[in-house]
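# Architecture at a glance
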Amino acid sequence: MRRSGTLARQVLLVRVGRRGAELHGPADALPEPRYPERPRRRYGLQRFHRARLETIAPVSPAVVPAPVADEPEPTSIPLLPGERTMARRMKFALVNACTLASLLLGINAIFVAMRGDVRLAAFLLIACVAFDGLDGALARKLGVSSPFGAQMDSLADMCSFGLAAPVVVYASLAGEVPTAAAGVAAALVAACAAIRLARFNVSPKDGRFFCGVPTTMAAAVLALMVVIGLPVPGVVQVAGVALLAFTMVSSFPYAKLARLVRLPLWVWLAPVVGALINVRLTFGLIVVGYLISGPLLWLRHRRTI
């Protein structure tokens, strides 16, 4: 009972001290307990011995959030930029029809190669190359170039030159080399064509040179190789296909067709006369010369820096 009474008196003193602080001002410290030598944790009195009483600051009113500006609504990009007259729409449809023709010819080349008629499939690939060059030339001449047309052309190139060309190559090599070697060569062509097209879409354009052999030219070389029927061993053909695939993803500069057309007339007479004498040898020399021109131009550019 004595301890209970002592606890009651201490609590009473604390309450009186608090009330006095409210009436006469804040107190610096609360009164000490009557028996400081006794343990205080036993009775839970530690909470009454604080240096100062905490004051509760008034809560400021909530800040009204600033109004969020309305985001602009997304707008669709027109397929045909510029004036949308009937004449321009017809021109735009003609250009995209050439692109679709290249894509459809590539699909049919796959079907024909699967049927076993490799030579006809190669001719269809050559037709793909012709339509692929025609749609770009028409788009620039008619003034209907657009981002949609560029994407369509890239997808058609992947179908014709990234899928149809490897299938034709595989069908032409299947009977001369092991199946695994033919499959690896065809897979290299498909993979390098995809990398080449993706890099072309995101890289700055150079009006003078290609960065690597373009997929269109690589497909044309492969198709002509099947049509002409080069009399070389199958191992050499596989090595040539692999080399051509790697040149597509190389960084060597290769001259565009517009620059080749501007060459002197006597330069063009040499391959024409050679084709009349021996078309296979002339074709091989032209392909090898074009592939070597990339590293030579690269070395020349390095020396001039």
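Helix and strand counts for the chain come out as 10 helices and 2 strands. In the chain, the succession of α and β elements from N to C terminus is α-α-α-α-α-β-α-α-β-α-α-α. The proportion of buried residues among the 305 residues of the chain is 31%. Relative to all contacts within the chain whose residues are 6 or more apart in sequence, the contacts with residues 24 or more apart total 77%. For the chain, the accessible area works out to roughly 20400 Å², and carbon and sulfur atoms hold 67% of it.

Once that is clear, we can look at the nonpolar core. Ranked by internal contacts, the top residues of the largest apolar core, which has 44 residues, are Val168, Leu173, Val213, Leu222, Val241 and Met248. Counting only elements with at least two residues in this core, the list comes to helix 2 (86-115), helix 3 (118-142), helix 4 (147-173), helix 5 (179-202), helix 6 (215-228), helix 7 (234-248) and helix 10 (279-304). Among the elements that make up this core, the one with the highest residue count is helix 6 (9 residues). Core analysis: the next-biggest nonpolar cluster, separate from the first, contains 7 residues, Leu80, Phe92, Val95 and Ala139 among them.

Viewed as axis vectors pointing N to C, helix 6 and helix 7 meet at an angle of 170 degrees, and their least axial separation amounts to 10 Å. Comparing the axis directions of helix 6 and helix 7 gives the class roughly antiparallel. Judged by residue contacts, Thr215, Ala218, Val221, Leu222 and Met225 of helix 6 engage Val241, Leu244 and Met248 from helix 7. Counted by class, the contact of helix 6 with helix 7 contains 7 nonpolar, 1 polar and no charged residues.

Turning our eyes to something else, we now look at the side chain of Thr215. Looking at the secondary structure, you find Thr215 in helix 6. Apart from residues lying up to four places away in sequence, Thr215 is in contact with Phe161, Ala193, Arg196, Leu197 and Met248.

Taking 1.5 Å per residue as the helical rise, helix 4 with its 27 residues ought to reach 39 Å, and the 38 Å between its terminal C-alpha atoms agrees with that figure. At Ala164, helix 4 shows its maximal kink, close to 30 degrees; a proline, Pro166, follows between one and four residues later.

Within the secondary structure layout, Gln237 lies in helix 7. What makes Gln237 buried here is its relative accessible area of 12%. Setting aside chain neighbours within four positions, we find Gln237 in contact with Leu173, Glu176, Leu230 and Val232.

Quick look at helix 10 now. Here helix 10 spans 37 Å end to end across 26 residues, near enough to the 38 Å set by a 1.5 Å rise per residue. The sharpest bend along helix 10 measures roughly 25 degrees and falls at Ser293, with the proline Pro295 sitting one to four residues further on. Those residues of helix 10 lying buried are Thr282, Phe283, Val287, Tyr290, Leu291 and Gly294. Check the buried side of helix 10 and you find it contacts strand 1 (209-211), helix 6, helix 7, strand 2 (253-255), helix 8 (257-261) and helix 9 (265-277). At the N-terminal end of helix 10, a side-chain oxygen is found 3.3 Å from the backbone nitrogen of Arg280, two or three residues along, and the residue is Asn278.

Here the structure, examined in full by the defined rule, presents 3 aromatic pairs. Both rings, one in Phe92 and one in Phe148, keep their centres 6.0 Å apart while their planes meet at 40 degrees; by these two values the pair is tilted. Here Phe148 lies in helix 4 and Phe92 lies in helix 2, a separation of 56 residues in the sequence. Overall, Phe148 belongs to the partly exposed group, its relative accessible area being 32%. Here Tyr254 and Tyr290 contribute two aromatic rings whose centre-to-centre distance is 5.2 Å and whose plane-to-plane angle is 35 degrees, an arrangement assigned as tilted. Taken together, the residues span a long stretch of sequence, with Tyr254 in strand 2 and Tyr290 in helix 10 at a distance of 36 residues. On the basis of relative accessible area, Tyr254 is assigned to the buried category, the value being 1%.

Moving on, we get to the confidence of the model for the chain. Confidence in the prediction for the chain averages 79 pLDDT; 74% of positions are at 70 or higher. In the model, residues 11-23 has pLDDT below 50 throughout and makes 5 contacts with residues more than four positions away in sequence or in other chains. Note that residues 41-60 has pLDDT below 50 and, in this model, 17 contacts with residues that lie over four places away or in other chains.

Basis of the calculations
- Residues numbered from 1 in each chain as written.
- Predicted model: local features only at pLDDT ≥ 70, side-chain atom pairs only at ≥ 80, totals over all residues.
- Heavy atoms only, no water.
- Helix = DSSP H or I, 4+ residues; strand = E, 2+ residues; numbered from the N terminus.
- Buried < 20%, exposed > 50% of the residue type's maximum accessible area, 1.4 Å probe, protein only.
- Contact = heavy atoms within 4.5 Å.
- Areas by Shrake-Rupley, 256 points an atom, 1.4 Å probe, with all protein chains shown as cover.
- Core = buried A, V, L, I, M, F, W, Y, C linked by side-chain atoms within 4.5 Å.
- Axes fitted to C-alpha atoms, helices over the stretch in contact; angles between N-to-C directions.
- Parallel < 35°, antiparallel > 145°, perpendicular 65-115°, else oblique.
- Nonpolar A, V, L, I, M, F, W, Y, C, P; charged D, E, K, R; others polar.
- Expected span 1.5 Å × (residues − 1).
- Bend = angle between axes of the 7 residues up to and from the residue.
- Polar contact = N/O pair within 3.5 Å; in protein donor to acceptor, adjacent residues only side chain to side chain.
- Phe/Tyr/Trp six-rings, centres within 6.5 Å; stacked < 30°, edge-to-face > 60°.
- pLDDT = per-residue confidence, 0-100.

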